[in-house]
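One-letter residues, chain by chain:
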Amino acid sequence: MPKEKQILDVPDYMTVRELAELMHASPIEVMKQLIANGIMASINQQIDYDTAAIIIEEMGFTARPLREVEEEARRVELEAQRPKWRKELYEAEERTKLQRRPPVVTILGHVDHGKTSLLDAIRKTKVAEGEAGGITQHIGAYQVDHNGQTITFLDTPGHEAFTAMRARGAQGADIAILVVAADDGVMPTTREAINHARAAGVPIVVALNKVDKSNANPEVVKQQLSDLDLTPDEWGGNTLVVPVSAKTKMGLDNLMEAILLVSEEADIVANPNTKGGGVVLEGRTETGRGAIATLLVQNGTLRRGDVVVAGLSSGRIKMMFDERGRQIQEAGPSFPVSIMGLDTPPHAGDRFEVTKDVKEARALVETRQQESSSGESSAPQALTLEDFFRRMQQADAKELLLIIKVDVQGSLEPVVNSLEELTNNEVKVHILHADVGNITENDINLASASGAIVIGFNAEADTMAERAAASVGVEIRTYSVIYQMIEEVQKALKGMLDPVYEDKVIGLAEVRKVFKISKVGQVAGSYIRDGIARRNAKARILRNGKTLAENLSVSSLKRFEEDVREVRSGFECGISIDRFNDFHEGDLIEFVVRERVLI
């Protein structure tokens, strides 16, 4: 009879060290198991329950969510304490923890179709209504009231901002308003915006703008939208298409009604009775006021005096203002606020959370800084074709998301059809966006936010796209033969595609003095001329332009007798190389890492 596995109660998030302690195992062994599953994590890095459960199962235990155990214990305790007649009341109280909150709306669409004009029209009509001074402070978002209900608008129109926020792990909006000009119709940027909204999984309401113009043709535009699976509700579809005019302010009330109607169906809720958390909309420094952060509260309630961590910024909220510059004491879900008290301005898209005290906040920021400086946190974990099969086997991926760019219109349909036909019972090939033209930075942003791979057929990536892809870890694959493209994707789905690696020089050091130390050997007193000298990189020794030795391990890297992980250009350090004791002054040491080729 097989031995019954020990059950471990696992929280939603825990560090690798805590996971090792839970299993009474070595952190090194746990990190090895994580690497075997394609996850690079440092000892202090947090992992989620699903990842921890995989490692726990592989190491001979059974995982159980700690949250469920705690909830069951609380339920049993409360059940024992309360009379039977209060049972129904208690269950009703549990349901009311999640309450409806105002929908958060973003505006997407083609650049000349009136996104900003529509936002301005809504602001002037709805926000300044009954206000003597109107808006006195611009904080990147504002709220409007319509028939006693509140709507929050993000006034950073454009899918670039919307997707950049998602790429940083923040879902800023609940509903997307797609602005389409009635005199111009659907443009390539309109299709791009639709795909960005769909990738985010947010419902779309169409604002058919400029219907007051003499050359407006709403019916033609509705047909174009229908061709893109945005069939108007009046045609029997599920998309609300509202005729508006930002110029004359016609149809704005109808647009508000449409937003509220969609929000009711979308079940937009939050728990206001918990610690505040959400997303940073903007960070800046103001003279005399210091760091100012604009936050959108997405859950819980944020209060003056709370200690907040936002990305690598932290501090106690000294003052909090609403969109009109009025001081407030607290802000609930979907409420945009500006706060003072952080030590540095955070970045747009950073998540913020309330911590217990300043000590906990500083410890959290310090951990993030250490991970960032060592490359553990900042190094993007790209989804590549080579490792897609492994993730599929682990149930981490059931869809292969692709963004397709081709050279000419005639190639678009054959390429898309050929790739979609590769869908099978185990995995679906889903085309997020397909268009004609070279690969752009917008394509990379969408891929980064969605976990997609970019494929170019006779289409190249422009310089900005290449830089963005390298920065965020998006894989770009380009082909000139359609059969080769199909074959590689097929191999990826079957787990037969081998990864390609290449050596990359990340730093160059010049040996300026050679020291001999007993029991250690030679130490090269060096100056870092370029890049970074890194302890875990391989070393290559050059003399007079010729390679003396390569693929050597760095045994130590020191600054002022202190062991360090890395040394940046412009600084001096001592370098010891394992099994190499022939340094000469003037030698060059290259620091090399082996990286998977993504582009």
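Residues numbered from 1 in each chain as written. Predicted model: local features only at pLDDT ≥ 70, side-chain atom pairs only at ≥ 80, totals over all residues. Heavy atoms only, no water.

(A) View of the side chain of Asp350. As for its position among the elements, Asp350 is in the loop between β19 (336–342) and β20 (351–355). Here the side chain of Asp350 touches His347 through a polar contact of 3.0 Å, landing on its backbone nitrogen. (Helix = DSSP H or I, 4+ residues; strand = E, 2+ residues; numbered from the N terminus. Polar contact = N/O pair within 3.5 Å; in protein donor to acceptor, adjacent residues only side chain to side chain.)

(B) A nonpolar patch on the surface, seen in detail. A contiguous nonpolar patch, built from Phe515, Ile517 and Val520 and spanning about 270 Å² of accessible area, is present on the exposed surface. Its place among the elements puts Phe515 in strand β25 (residues 501–517). Classification of Phe515 by relative accessible area gives partly exposed; the value is 42%. (Patch = residues over 30% accessible without salt bridge, like charges linked within 9 Å, V, L, I, M, F, W, Y side chains within 5 Å. Areas by Shrake-Rupley, 256 points an atom, 1.4 Å probe, with all protein chains shown as cover. Salt bridge = Lys/Arg side-chain N within 4 Å of Asp/Glu carboxyl O. Buried < 20%, exposed > 50% of the residue type's maximum accessible area, 1.4 Å probe, protein only.)

(C) Representation of the sheet that holds strand β11 (residues 241–243) in the model. The sheet built from 6 strands is open, its strands ordered β7-β8-β6-β9-β10-β11 with mixed pairing. Single-partner strands in this sheet number two, and they are β7 (141–146) and β11. In this sheet, adjacent strand axes meet at a mean angle of 30° when their direction is disregarded. Bridge count between strand β6 (residues 104–109) and strand β9 (residues 175–181): 5 bridges; the pairing is parallel. Considered in β9, the bridge of Thr106 is made with Ala176. Its contacts with the sheet place helix α10 (residues 252–266) against β6, β7, β8 (149–154), β9, β10 (204–209) and β11, and it is angled at close to 100° to β8. (Pairing = 2+ DSSP bridges. Axes fitted to C-alpha atoms, helices over the stretch in contact; angles between N-to-C directions. Contact = heavy atoms within 4.5 Å.)

(D) Representation of the packing of aromatic side chains in the model. Scanning the entire structure with this criterion turns up 2 aromatic pairs. Between Tyr142 and Phe153 the ring centres are 5.8 Å apart and the planes differ by 20°, which places this aromatic pair in the stacked class. Placement of the pair is Tyr142 in strand β7 and Phe153 in strand β8, with a sequence separation of 11 residues. By relative accessible area, which is 1% here, Tyr142 ends up buried. (Phe/Tyr/Trp six-rings, centres within 6.5 Å; stacked < 30°, edge-to-face > 60°.)

(E) Molecular detail of the pattern of salt bridges. Applying the stated criterion across every chain yields a total of 26 salt bridges. The shortest N-O distance in the salt bridge between Glu475 and Arg477 comes to 2.9 Å. For the pair formed by Glu475 and Arg477, the shared burial category is buried. Via salt bridges that share partners, Glu282, Arg284, Glu286 and Arg289 belong to a single interconnected network.

(F) View of the confidence of the model for the protein. For the protein, the mean per-residue pLDDT works out to 81, and 84% of the residues sit at or above 70. Under a pLDDT of 50 for its full length, residues 128–137 has, in the predicted model, 18 contacts with residues more than four places off or in other chains. (pLDDT = per-residue confidence, 0-100.)

(G) Examining helix α3 (residues 49–58) more closely. Within the sequence span of α3, burial applies to Tyr49, Thr51, Ala52, Ala53, Ile55 and Ile56. Summarising the contacts, the buried residues of α3 are in contact with β1 (7–10), β2 (13–15), α1 (16–23), α2 (27–36), β3 (46–48) and β4 (62–65). Gly60 lies just past α3 and shows a positive phi near 90°.

(H) Fine view of the pairing of strand β17 (residues 313–321). Across 4 bridges, strand β16 (residues 307–310) lies against β17 in antiparallel orientation. Bridging from a neighbouring strand, Ala310 pairs with Ser313 of β17.

(I) Expanded view of the nonpolar core. Leu118, Ile122, Phe153, Ile177, Val205, Leu255 and Ile259 are the most contacted members of the largest nonpolar core, which has 27 residues in total. Sorting the residues of this core by element identifies β6, α6 (115–127), β7, β8, β9, β10 and α10 as the ones contributing at least two each. Of the residues forming this core, the biggest block, 7 residues, is contributed by α10. Listed in part, the 23 residues of the second largest apolar core include Val416, Val429, Ala492 and Leu493. (Core = buried A, V, L, I, M, F, W, Y, C linked by side-chain atoms within 4.5 Å.)

(J) Representation of the environment of Leu281. Inspection of the secondary structure assignment puts Leu281 in strand β13 (residues 277–286). Taking the relative accessible area as the measure of exposure, Leu281 reaches 13% and is therefore buried. Placed 57 residues apart in sequence, Leu281 and Ser338 show a C-alpha to C-alpha distance of 9.5 Å.

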